[in-house]
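Listed below, chain by chain, are the residues.
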Amino acid sequence: MASSSTHLNHHHQLPNINGGATAAPPPTPSCAHPNTSTKSETAADALSRLFNRLPPNLSLPNRRSSVLSSTVASLPRVTFSTESCGDLISAATEFGYFQLADSDTILPSGLAEAAESEALSLIELSEEEKETTFPKNWPLGYEADAETPSFCLDADCTTETGELKLSSLCEFTRCLEKVGLKTVEMLASALGFKNPVGDESNRFSTMMWLNQDVPDDKPAITNGFYPFVVCLQYQIREQKYCLLSESGWVSVSPRVESVLVTLGDIAQVWRNGELKRVRYRPVVCSGQQLDDPRKSVTMTLMLTLPMDSMVSPLRDISDGDKEEEYAEEEEGVSRSDERKGFKSFCFEDYAWRVYHERLFFKDPLDRYRIKP
């Protein structure tokens, strides 16, 4: 499979709000916007661009945002078997998160532990080594302005120097990528829509996010959001996570050797709001005891879209249109368009805005919702 990292747009410098060069202004989207903009949306975009041009000493506060409280929630269990189809539909439409219980059929024994060891070796690098070894192209690279060490790697775990050997982390990333693709395929089959991702590498992008856990502190969001289809975390040990669900913060406890799966913004838009979603990545809950807190890292895989993608609701498959392409009508307005809950939008523009605005409790999809 060709590397999905080639489809990321790497011309933006990582922002540094603690000093140094001012972050680059928002990108010129590589995908054309449909003619659906309003004056209020234009003003909001202009304001967003103004914030992104502020010098470092006038920039917005650090991205760290504490999780004040969470509600303990049940965690639905799903498998890749056809008998689990009903469980998957229920979990996706009622919660937006679940645990995959048969991931051991895809992940080789010991691979996750070996990948974790390599991930920890990155966190232990000096600041200079972190900043010079990893590509500084948004959203990839070392996050220098986060309060805890953070990395975003492509599917090949590419480094600038090539001196670090991350073979286990790369294999682990590719294995989770397969789990993510199979999950999207299951959702498409269960809910009756054509799989927009498939297994073609030009239809999706894969990112591996590495964050050092800080279990003694209040769980916190340390980086900006990034939109995704599905987000996956393999559970090496017992650990409780906080999820920013649509009903607020909830805490879940996935089983060891399962994969915690959360659905994101893109999946919700695809299904016209039918699916629930989780914003941001799962964060470690407070009050947990680890053998050595300094040697704990969260490895989160995001299955997301190439920068030049357009995001819009997808029509259901029916007996008469199984071969029909899932694209908007060039002329006129169809009945399915009239029932859409979201307008189409450019993924690159959306990803840049939600990552850099850092408005954690404001729904970034609101501007694209079609009001009844």
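Please read all numbers here as calculations on a predicted model, not as lab measurements.

Q: Quick question: what am I supposed to make of the pairing of strand 10 (residues 241-245) here?
A: For a regular strand, side chains alternate in direction, first toward one face of the sheet and then toward the other. Across the 5 residues that make up strand 10, a large majority, 5, are buried. Burial of the side chains of strand 10 extends over both faces: Tyr241, Leu243 and Ser245 are buried on one face and Cys242 and Leu244 on the other. Pairing of strand 10 with strand 11 (residues 248-252), which is carried by 5 bridges, proceeds in the antiparallel orientation. Counterpart to Leu243 in the pairing with strand 11 is Val250. Linkage of strand 10 to strand 11, two consecutive antiparallel strands, is achieved through a turn of 2 residues. Pairing analysis gives 4 bridges linking strand 10 to strand 13 (residues 278-284), with the strands arranged antiparallel. From the neighbouring strand, Cys242 faces strand 13, where its bridge partner is Val283.

Q: I tried to follow helix 3 (residues 111-123) on my own but got confused; where do I start?
A: Along an α-helix, a turn takes 3.6 residues, which lines up residues three or four apart on a common side. With 13 residues, helix 3 extends 19 Å between its outermost C-alpha atoms, agreeing within 8% with the 18 Å of an ideal straight helix rising 1.5 Å per residue. Among the residues making up helix 3, those that are buried are Leu111, Ala112, Ala115, Glu116, Glu118, Ala119, Leu120, Leu122 and Ile123. On its buried face, helix 3 is in contact with helix 4 (127-133), strand 6 (150-154), helix 5 (167-191), strand 7 (205-212), strand 9 (230-234) and strand 14 (297-304).

Q: When you look at the sheet that holds strand 4 (residues 97-100) in this model, what are you seeing that I'm missing?
A: Two orientations exist for strands paired in a sheet by backbone hydrogen bonds: parallel and antiparallel. Taken together, the 8 strands give an open sheet; going across it, the order is 3-4-12-9-14-7-6-5, and neighbouring strands pair in mixed fashion. Edge strands, defined here as strands with exactly one partner in the open sheet, are strand 3 (77-78) and strand 5 (141-142). Note: strand 4 against strand 12 (residues 259-263), 4 bridges, orientation antiparallel. Bridge pairing links Gln99 to Leu260 in strand 12. Taken strand by strand, helix 3 contacts strand 6, strand 7, strand 9 and strand 14, and its axis lies near 105° from that of strand 14.

Q: Any chance you could explain the nonpolar core here in plain terms?
A: In globular proteins that are soluble, nonpolar side chains generally tend to be buried together. Judged by nonpolar contacts, the single largest core of 80 residues is most densely connected at Leu122, Leu153, Leu169, Phe172, Leu210, Tyr226 and Met299. Ranked by the residues each element gives to this core, the list is headed by helix 5, at 13 residues. Excluding anything up to four places from it in sequence, Met299 contacts Ala112, Ala115, Glu116, Ala119, Leu169, Phe172, Met208, Trp209, Leu210, Leu232, Gln233 and Ile236. By size, the runner-up hydrophobic cluster in this structure holds 9 residues, among which are Tyr97, Leu243, Leu260 and Val284.

Q: What should I look at first to understand the confidence of the model for the chain in this one?
A: Caution is warranted with low-pLDDT regions, since their predicted coordinates should not be read in detail. On average, the chain scores 77 in pLDDT, and the residues at 70 or more come to 67%. Across residues 50-65, confidence stays below pLDDT 50; counting only partners more than four residues off in sequence or on other chains, it has 51 contacts.

Q: Would you take a moment to explain the pairing of strand 6 for this structure?
A: Summarising burial for strand 6: 5 of the 5 residues are buried, a large majority. On strand 6, burial covers both faces: Ser150, Cys152 and Asp154 on one face and Phe151 and Leu153 on the other are all buried. Examined bridge by bridge, strand 5 and strand 6 share 2 bridges and lie antiparallel to one another. What sits directly across from Tyr142, in strand 6, is Phe151.

What counts, and at which threshold
Residues numbered from 1 in each chain as written. Predicted model: local features only at pLDDT ≥ 70, side-chain atom pairs only at ≥ 80, totals over all residues. Heavy atoms only, no water. Buried < 20%, exposed > 50% of the residue type's maximum accessible area, 1.4 Å probe, protein only. Helix = DSSP H or I, 4+ residues; strand = E, 2+ residues; numbered from the N terminus. Pairing = 2+ DSSP bridges. Expected span 1.5 Å × (residues − 1). Contact = heavy atoms within 4.5 Å. Axes fitted to C-alpha atoms, helices over the stretch in contact; angles between N-to-C directions. Core = buried A, V, L, I, M, F, W, Y, C linked by side-chain atoms within 4.5 Å. pLDDT = per-residue confidence, 0-100.

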